[in-house]
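# Structure assessment
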Amino acid sequence: MSDWGPVFVAVVLFVLLTPGLLFQVPGRNRCIEFGNFQTSGASILVHSIIYLCLICIFLLAIGVHVYIGS
C-alpha cells in the first residue's frame, strides 16, 4: 500500500498558502490582504515559513497517513 498522506497534505497547504491567492501576509497596503493576486518578497518569505511549520506539524508531530489501493 502507498502512503499518500504527505502528498495530500503538501498539495493542500501549497494551494492554501500561495501568497495572494486567498490571503497575503504582509500585504502591500495592510497587514493582511485577501484575494489581491499580488505578491512581494516579504510575503513569499512569511508564507514559506508558515508552510514549513505546518508541514512539520502535520507530517512529523501528528503523522497524517492516507492509504489508497490494495
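For the structure, see preceding data.
Residues numbered from 1 in each chain as written. Predicted model: local features only at pLDDT ≥ 70, side-chain atom pairs only at ≥ 80, totals over all residues. Heavy atoms only, no water.

### Examining the packing of aromatic side chains
Evaluated as defined, the whole model comprises one aromatic pair. Ring centres of Trp4 and Phe8 lie 6.3 Å apart, and the angle between their planes is 35 degrees; this geometry places the pair in the tilted category. Judged by relative accessible area, which is 37%, Trp4 ranks as partly exposed. (Phe/Tyr/Trp six-rings, centres within 6.5 Å; stacked < 30°, edge-to-face > 60°. Buried < 20%, exposed > 50% of the residue type's maximum accessible area, 1.4 Å probe, protein only.)

### Section: the side chain of Ser43
Position of Ser43 among the secondary structure elements: in helix H2 (residues 41–62). Every residue in contact with Ser43, bar those within four places of it in the chain, is listed here: Pro19, Gln24, Val25 and Pro26. (Helix = DSSP H or I, 4+ residues; strand = E, 2+ residues; numbered from the N terminus. Contact = heavy atoms within 4.5 Å.)

### Things to note about helix H1 (residues 5–16)
End to end, H1 covers 17 Å across 12 residues, agreeing with the expected 16 Å (1.5 Å per residue, within 8%). Residues Gly5, Val9 and Leu13 constitute the buried set of H1. Taken down its axis, H1 places every buried residue within 50 degrees of arc, on the same side. Buried positions along H1 lie against strand E1 (2–3) and H2. (Expected span 1.5 Å × (residues − 1). Arc of directions from axis to C-beta.)

### Description of H2
The end-to-end C-alpha separation of H2 is 30 Å, in line with the 32 Å expected for 22 residues at 1.5 Å each. Among all positions of H2, only Ser43, His47 and Ile55 are buried. Looking at the buried positions of H2, the neighbouring elements they touch are H1 and strand E2 (23–24).

### As for unusual backbone geometry
Along the chain, Val25 connects to Pro26 via a cis peptide bond; the corresponding omega equals -15 degrees. Within the secondary structure, Pro26 is located in the loop between E2 and strand E3 (33–34). Although it is not a glycine, Phe37 adopts a positive phi angle of roughly 55 degrees. Summarising the element assignment, Phe37 is placed in the loop between E3 and H2. When its relative accessible area of 65% is taken as the criterion, Phe37 is described as exposed.

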